[in-house]
2 protein chains.
Amino acid sequence: MAVQNAMTADYLRSAYGGESMAHMRYLIWGDMAEKEGFPKIAKLFMAIAYAERVHAGNHFKVLGGSTSDSTVAAGGVFGTGRTAENLQGAINGELHEVEQMYPVYLNAAEFQNEPEAKRSFHFALEAEKVHAKLFQDAQNAAKEGRDMELKAVYVCPVCGHTVLDGAPDRCPICGAKKEMYRQF
Amino acid sequence: MAVQNAMTADYLRSAYGGESMAHMRYLIWGDMAEKEGFPKIAKLFMAIAYAERVHAGNHFKVLGGSTSDSTVAAGGVFGTGRTAENLQGAINGELHEVEQMYPVYLNAAEFQNEPEAKRSFHFALEAEKVHAKLFQDAQNAAKEGRDMELKAVYVCPVCGHTVLDGAPDRCPICGAKKEMYRQF
Ligand SMILES: [Fe+2]
Ligand SMILES: [Fe+2]
Ligand SMILES: [Fe+2]
Ligand SMILES: [Fe+2]
Ligand SMILES: [Fe+2]
Ligand SMILES: [Fe+2]
């Protein structure tokens, strides 16, 4: 078991729950964007869904340990409106993680001297900053009734860093090499 | 908004959270089974992960409505042991849904006269019965150090019904046609 402290473990489970729900709603909203005639925004949703999968997997593995059940309390966003409205839900969720949830979880992991949890929260926090910005760009387009302009989306499989049109030589968050990025 | 009652809405959000976390842990445990040398058990995990995605999507769409945030309390299972142990976590989670969670949620949706929620809970309940059985078969194999015997797994995209080796002419749970099943 990689985590020694019950409070940090609780935050990892909560973050896992939040990321799992975010992954799922981006798959759903991506399908809805595709049907609304925004294939590029749909692609962005699918790529960021994968980034949230990376975050969830990191938290789950840092928790480690043997089989156990828990009731998990986590933040979710709901709604099946038009794409511009769903993107507002996505922006709200990302900003909550960037401004409130991950800074507090990261601070707690530091306070409890849990380096692996700290790393996992840090990766997510930095990636969510990019997600908030990308969803804002998508919403600006959708509000004008047009699709986003992008060729491809690249996601780092280690930390979830998300970037349009081309991967950097090294991931700016975790240092992973360009070749590791997954293309959408 | 398809749901009129706050209690049924709460159960739909909780079930969405539980299904989203189940989807995610089956993806993770599937990757681990692959690495442990059980590609067929890995395939089963990936197929059932998709079935849980179907359930989560159904609950989310029945909730419908405009963008809103909620704190969601939902059951999760954790642990990164060997595959035989992870499968015990999977069995525990499925049996909880079959014996406790979905019967109670279904009963509440019936009591509150919410036909769409009832349908969504019914689909999940019936599919989880099959999942519990399939994971038990997988665990019997893994405990003997061998992989499962299966050619392919088929999942109904409407209700999550999961079946080995060939789809039925009509889904026994929701009536969807054979051609709609997704093959893994
Ligand atoms: Fe995330
Ligand atoms: Fe994000
Ligand atoms: Fe990275
Ligand atoms: Fe399910
Ligand atoms: Fe299931
Ligand atoms: Fe079905």
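Computed from a predicted structure; not experimentally measured.

**Structural notes on the relation of the copies chain A and chain B**
Overlaying chain A on chain B yields an RMSD of 0.0 Å, the required transformation being a rotation through 180° with an accompanying axial translation of 0.0 Å. One copy is carried onto the other by what is essentially a two-fold rotation axis. Judged by C-alpha distance, A73(A) is the residue of chain A that lies nearest the rotation axis, at 2.2 Å. Most of the interface of chain A is mirrored in chain B, where 100% of its interface residues are also at the interface.

**Considering the interface of chain A and chain B**
Counting from both sides, the interface comprises 39 residues of chain A and, opposite them, 39 residues of chain B. Summing both partners gives a buried area of about 3,400 Å² for chain A against chain B, and 64% of it is carried by carbon and sulfur. If you sort the residues of chain A by the area they bury against chain B, M24(A), F60(A) and F78(A) come out on top, with a joint share of 23%. Remark: the boundary between chain A and chain B carries two salt bridges. We note a salt bridge from D31(A) to R53(B), for which the minimum N-O separation is 3.8 Å.

**Overview of the sheet that holds strand β2 (residues 153–155) of chain A**
Taken in spatial order, the three strands of this open sheet run β3-β2-β4 (chain A), and their pairing is antiparallel. Both edges of this open sheet fall to β3 (162–164) and β4 (182–183) of chain A, since each of them pairs with a single strand only.

**A short note on unusual backbone geometry**
Positive phi outside glycine occurs at N113(A), with the angle close to 55°. Relative to the elements of secondary structure, N113(A) occurs in the loop between α3 (83–111) and α4 (115–143).

**Examining the side chain of Q139(B)**
As for its placement among the helices and strands, Q139(B) is situated in helix α4 (residues 115–143). Setting aside its immediate chain neighbours within four residues, Q139(B) contacts A84(B), L87(B), Q88(B) and I91(B).

**Section: the coordination of the iron ion (ligand 5)**
All names here are of chain B. For the iron ion (ligand 5), the protein coordination sphere consists of E52 (OE), E94 (OE), E94 (OE), E128 (OE) and H131 (ND1), at 2.0 to 2.3 Å. Between the donor residues of the iron ion (ligand 5), the gaps in sequence give the motif E-x41-E-x33-E-x2-H. A spacing of 3.8 Å is found between the iron ion (ligand 5) and the iron ion (ligand 4), which share E52 as a donor. Here the residue E52 occupies a position in helix α2 (residues 39–63), and E94 occupies one in helix α3 (residues 83–111), the gap between them amounting to 42 residues. A residue is classified by how much of its surface remains accessible, and E94, at 1% relative accessible area, is buried.

**Focus on the coordination of the iron ion (ligand 1)**
Residues and elements named next belong to chain A. Coordination of the iron ion (ligand 1) by the protein comes from E19 (OE), E19 (OE), E52 (OE), H55 (ND1) and E128 (OE), over a distance range of 2.0 to 2.3 Å. Positions of the donor residues of the iron ion (ligand 1), expressed as sequence spacing, correspond to E-x32-E-x2-H-x72-E. Exposure remark for E19: the relative accessible area of 0% places this residue in the buried category.

**Observations regarding the sheet that holds strand β3 (residues 162–164) of chain B**
Residue and element names in this part refer to chain B. The antiparallel open sheet is built from three strands, whose spatial order is β3-β2-β4. Edge strands, defined here as strands with exactly one partner in the open sheet, are β3 and β4 (182–183). The pairing of strand β2 (residues 153–155) with β4 spans two bridges and is classified as antiparallel. In the sheet register, Y154 faces β4, and the bridge partner there is Q183.

**Regarding the pattern of salt bridges**
Residues and elements named next belong to chain A. Taken as a whole and judged by the stated rule, the model has 16 salt bridges over all chains. With a shortest N-O distance of 2.8 Å, E144 and R146 are connected by a salt bridge. For R146, a relative accessible area of 37% corresponds to the partly exposed category.

**A few points about α3(B)**
Helix length check: α3(B), at 29 residues, gives a terminal C-alpha distance of 40 Å against a target of 42 Å (1.5 Å per residue), a fit within 8%. Roughly 45° is the biggest bend found in α3(B), and it falls at E97(B).

**Notes on the UniProt feature "domain: Ferritin-like diiron" (unreviewed entry) in chain A**
Cross-referencing UniProt, the feature "domain: Ferritin-like diiron" (unreviewed entry) maps to residues 2–146 of chain A in the present numbering. A helix fraction of 78% and a strand fraction of 8% characterise residues 2–146 of chain A, whose end C-alpha atoms lie 46 Å from each other.

**Some thoughts on the packing of α2(B) against α3(B)**
When two helices pack together, their arrangement is given by the angle between the helix axes and by the axis-to-axis distance. Residue and element names in this part refer to chain B. Viewed as axis vectors pointing N to C, α2 and α3 meet at an angle of 30°, and their least axial separation amounts to 13 Å. One element, α2, and the other, α3, form an angle in the roughly parallel class. Helix-helix and strand crossings are classified by hand; for α2 and α3 the assignment is left-handed. In this structure, α2 uses I41, F45, I48, E52 and H59 to contact α3, whose residues at the interface are T83, L87, A90, E94 and Y102. Considering only residue class, the contact of α2 with α3 consists of six nonpolar, two polar and two charged.

**Structural notes on the packing of aromatic side chains**
Under the defined criterion, the tally for this structure stands at 28 aromatic pairs over all chains. A ring pair is formed by F45(A) and F135(A), whose centres lie 5.3 Å apart and whose planes are at 40°; its orientation type is tilted. Of this pair, F45(A) sits in helix α2 (residues 39–63) while F135(A) sits in helix α4, and the two are 90 residues apart along the sequence. Each member of the pair F45(A) and F135(A) is classed as buried. Look at Y26(B) and F45(B): their rings are 5.8 Å apart centre to centre, the planes differ by 40°, and that puts the pair in the tilted class. In this pair, Y26(B) sits in helix α1 (residues 6–35) while F45(B) sits in helix α2, placing the two residues 19 residues apart along the sequence. Given a relative accessible area of 0%, F45(B) falls into the buried group. Here the basic side chain of R182(A) rests over the ring of Y50(A), its NZ or CZ set 4.4 Å away from the ring centre.

Reading guide: rules and limits
- Residues numbered from 1 in each chain as written.
- Chains lettered and ligands numbered in written order.
- Predicted model: local features only at pLDDT ≥ 70, side-chain atom pairs only at ≥ 80, totals over all residues.
- Heavy atoms only, no water.
- Least-squares fit on C-alpha atoms with pLDDT ≥ 70 in both.
- Contact = heavy atoms within 4.5 Å.
- Buried area = accessible area lost by both parts, 1.4 Å probe.
- Salt bridge = Lys/Arg side-chain N within 4 Å of Asp/Glu carboxyl O.
- Pairing = 2+ DSSP bridges.
- Helix = DSSP H or I, 4+ residues; strand = E, 2+ residues; numbered from the N terminus.
- Donors = N, O, S within 2.8 Å, 3.2 Å for Na, K, Ca; no water.
- Buried < 20%, exposed > 50% of the residue type's maximum accessible area, 1.4 Å probe, protein only.
- Expected span 1.5 Å × (residues − 1).
- Bend = angle between axes of the 7 residues up to and from the residue.
- UniProt positions renumbered as here; feature names shortened; annotations may be inferred.
- Axes fitted to C-alpha atoms, helices over the stretch in contact; angles between N-to-C directions.
- Parallel < 35°, antiparallel > 145°, perpendicular 65-115°, else oblique.
- Left-handed = near helix turned anticlockwise from the far one by under 90°.
- Nonpolar A, V, L, I, M, F, W, Y, C, P; charged D, E, K, R; others polar.
- Phe/Tyr/Trp six-rings, centres within 6.5 Å; stacked < 30°, edge-to-face > 60°.
- Lys NZ or Arg CZ within 6 Å of the ring centre and 35° of its normal.

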